[in-house]
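Structural characterization, general
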Amino acid sequence: INQKQIEQLKKFPKVKFQISLDGIEESYEFIRYPAKWNIVSDNIDLLIKEFGVKNLEINFLPQPLNILYFKDVLNFSYKKKLKVVFLYLQNNWLNWDILNEFEKEIISKNKLSLPLIHQKIYDNFIIKINETKFSLENRKVFKEKFMQMMSHRKIPMSRIEEHLGILTTLIK
């Protein structure tokens, strides 16, 4: 965002911004390739400075590729005093039904220490994840699309495994 754009936006009597974050730093760059976190972070700081925190919201859509980074997004938002809006995926190749029982257990055991309101939201996601029935067909679709996307981006397997961490089984 440049100063000219800021001045154009200030001409409107009321402006609200919704910023989609799927992670922060490296996890953001991995999911939102080719975006650069430092640019996004600087833009958020600029928007806060120019329009105030009341006019910004963070949209966070937990999904299998970012569930391990849930806390990072919440901590970033909390430090910036930004409201977080949680969104839900529906009928997408990144649905929770790509997770098998072992992966659901890994996520369920990934205990986070969060403020109470966020802990309740996280716990509800865990319940939703655990209630979702595994679909081998959707898992195959996920793996195919995900690996095509990674190949197109020329991301090495070591970086993919690093990002997925304990959920590397998703691509095995």
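Read on for an overview of the structure. Just so we're clear, the structure is a prediction, and the values are computed from it rather than from any experiment. (Residues numbered from 1 in each chain as written. Predicted model: local features only at pLDDT ≥ 70, side-chain atom pairs only at ≥ 80, totals over all residues. Heavy atoms only, no water.)

Glancing now at the side chain of glutamate 103. Summarising the element assignment, glutamate 103 is placed in helix 5 (residues 101–109). When residues no more than four places from it in sequence are discounted, the contact partners of glutamate 103 are Ile98, Arg139, Leu167, Thr169 and Leu170. (Helix = DSSP H or I, 4+ residues; strand = E, 2+ residues; numbered from the N terminus. Contact = heavy atoms within 4.5 Å.)

Evaluation of the coordinates by the stated rule reveals nine salt bridges. A salt bridge links lysine 10 to glutamate 50, with the shortest nitrogen-to-oxygen separation between them at 2.4 Å. Residue lysine 10 is located in the loop between helix 1 (3–9) and strand 1 (17–20), and its partner glutamate 50 is located in helix 3 (residues 37–51); the two are separated by 40 residues in the primary sequence. For lysine 10, a relative accessible area of 38% gives the class partly exposed. With its nearest N and O atoms 2.5 Å apart, the salt bridge here joins aspartate 45 to lysine 80. Of the two residues, aspartate 45 is situated in helix 3 and lysine 80 in helix 4 (residues 70–80); the sequence distance between them amounts to 35 residues. The class for lysine 80 is partly exposed, based on a relative accessible area of 23%. (Salt bridge = Lys/Arg side-chain N within 4 Å of Asp/Glu carboxyl O. Buried < 20%, exposed > 50% of the residue type's maximum accessible area, 1.4 Å probe, protein only.)

Note on placement: lysine 36 falls in the loop between helix 2 (25–31) and helix 3. A sequence separation of eleven residues divides lysine 36 from glutamate 25, and the C-alpha atoms of the two residues are 8.1 Å apart.

Side-chain positions along a regular strand alternate between the two faces of the sheet. Here strand 3 (residues 83–86) shows a buried face lined by Val84 and Phe86 and an unburied face lined by Lys83 and Val85. The pairing of strand 2 (residues 56–60) with strand 3 spans four bridges and is classified as parallel. Among the inter-strand pairings, asparagine 59 is bridged to a residue of strand 3, identified as valine 85. For the segment spanning strand 2, helix 4 and strand 3, crossover handedness is right-handed. (Pairing = 2+ DSSP bridges. Right-handed = clockwise from strand over helix to strand, strands pointing away.)

It is worth spelling out unusual backbone geometry at this point. Glycine aside, a negative phi is what most residues show, and trans is what most peptide bonds show. The omega torsion across tyrosine 33 and proline 34 is 10°, close enough to zero to call that bond cis. Examined against the element boundaries, proline 34 turns out to sit in the loop between helix 2 and helix 3. The phi dihedral of glutamate 25 falls on the positive side, at around 50°, and the residue is not glycine. A positive phi angle, near 65°, is found at lysine 81, a position not held by glycine.

One open sheet holds the three strands; their spatial order is 1-2-3, and the pairing between them is parallel. Each having just a single partner strand, strand 1 and strand 3 make up the two edges of the open sheet. Pairs of neighbouring strands in the sheet enclose a mean axial angle of 30°, with direction left out of account. (Axes fitted to C-alpha atoms, helices over the stretch in contact; angles between N-to-C directions.)

Another aspect to go through is the nonpolar core. With 50 residues, the main nonpolar core has Leu21, Ile44, Phe70 and Phe146 as its most contacted residues. With seven residues, the top contributor of residues to this core is helix 3. Apart from residues lying up to four places away in sequence, isoleucine 44 is in contact with Ile19, Leu21, Leu56, Phe76 and Leu82. (Core = buried A, V, L, I, M, F, W, Y, C linked by side-chain atoms within 4.5 Å.)

For the structure on display, the rule yields 13 aromatic pairs. Ring centres of tyrosine 88 and phenylalanine 125 lie 5.0 Å apart, and the angle between their planes is 25°; this geometry places the pair in the stacked category. Taken together, the residues tyrosine 88 in the loop between strand 3 and helix 5 and phenylalanine 125 in helix 6 (residues 116–131) connect sequence positions 37 residues apart. An aromatic cluster is built from Phe60, Phe70, Phe86, Tyr88, Tyr122 and Phe125, whose rings are joined through pairwise contacts. (Phe/Tyr/Trp six-rings, centres within 6.5 Å; stacked < 30°, edge-to-face > 60°.)

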